[in-house]
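# Examination of the molecular architecture
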Amino acid sequence: MSGADDELCGLWVELDTADCIFFEASTSPLHRDHIVLHEISHMLLGHSSSSDTSTGAHLGELFTTIDPRAVRSVLGRANFSSPQEREAEQLATRIAKLAKLTPIPKTRDPELDRLDAALRGDGRR
């Protein structure tokens, strides 16, 4: 998947026996996590779509190895124009905040960690 304005950057496909989440391959790890949380939020909120037109594409164009008859629901994340998309985005944001989801820190000089701690006032030196 590739994401640009109004292009699909996340997708939840509910099959008879599994749920599959797809996300934009070139996005950052933090954005990837948020896309996945957004799609999981659709599940938690009970959102579904019985129409493959909700993604802006037909299933046959998206997948070549999944039998469209096995698909129970498809929801795609491209924008937030529908109430379901806004609800899922709000829940994903709340979950990320509660989980304190942050980018994985890169290894850095311990001196920077010491300065960071001093500026925060937690006394590590």
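Residues numbered from 1 in each chain as written. Predicted model: local features only at pLDDT ≥ 70, side-chain atom pairs only at ≥ 80, totals over all residues. Heavy atoms only, no water.

Within an unreviewed UniProt entry, the label attached to the protein reads Secondary metabolite protein, and the organism entered is Streptomyces pratens.

### Brief notes about the pairing of strand E1 (residues 10-15)
Put simply, the rule reads: Buried, partly exposed and exposed residues are distinguished by accessible area as a fraction of the type maximum, computed with a 1.4 Å probe on protein chains only: under 20%, between the cut-offs, and over 50%, respectively. For helices the rule is a DSSP run of H or I covering at least 4 residues; for strands it is a run of E covering at least 2, with both sets numbered from the N terminus onward. Two strands pair if DSSP finds at least two bridges between them.
Among the 6 residues that make up E1, 6 are buried, leaving the element largely enclosed by the rest of the structure. A two-sided burial pattern is seen for E1, the buried positions comprising Gly10, Trp12 and Glu14 on one face and Leu11, Val13 and Leu15 on the other. Adjacent in sequence and paired antiparallel, E1 and strand E2 (residues 19-23) are bridged by 3 residues.

### Observations regarding the pattern of salt bridges
Stated precisely, the cut-off is as follows: We count a salt bridge whenever a side-chain nitrogen from Lys or Arg sits within 4 Å of a carboxyl oxygen from Asp or Glu.
Counted according to the given criterion, the structure contains 2 salt bridges. Between Glu111 and Arg114 there is a salt bridge, with its nearest N and O atoms 2.7 Å apart. Pair noted here: Glu111 and Arg114 are both in helix H4 (residues 110-120), with a separation of 3 residues, about one helical turn. Residue classification places Glu111 among the partly exposed positions, given a relative accessible area of 39%. Take Arg114: its relative accessible area is 32%, and that puts it in the partly exposed class.

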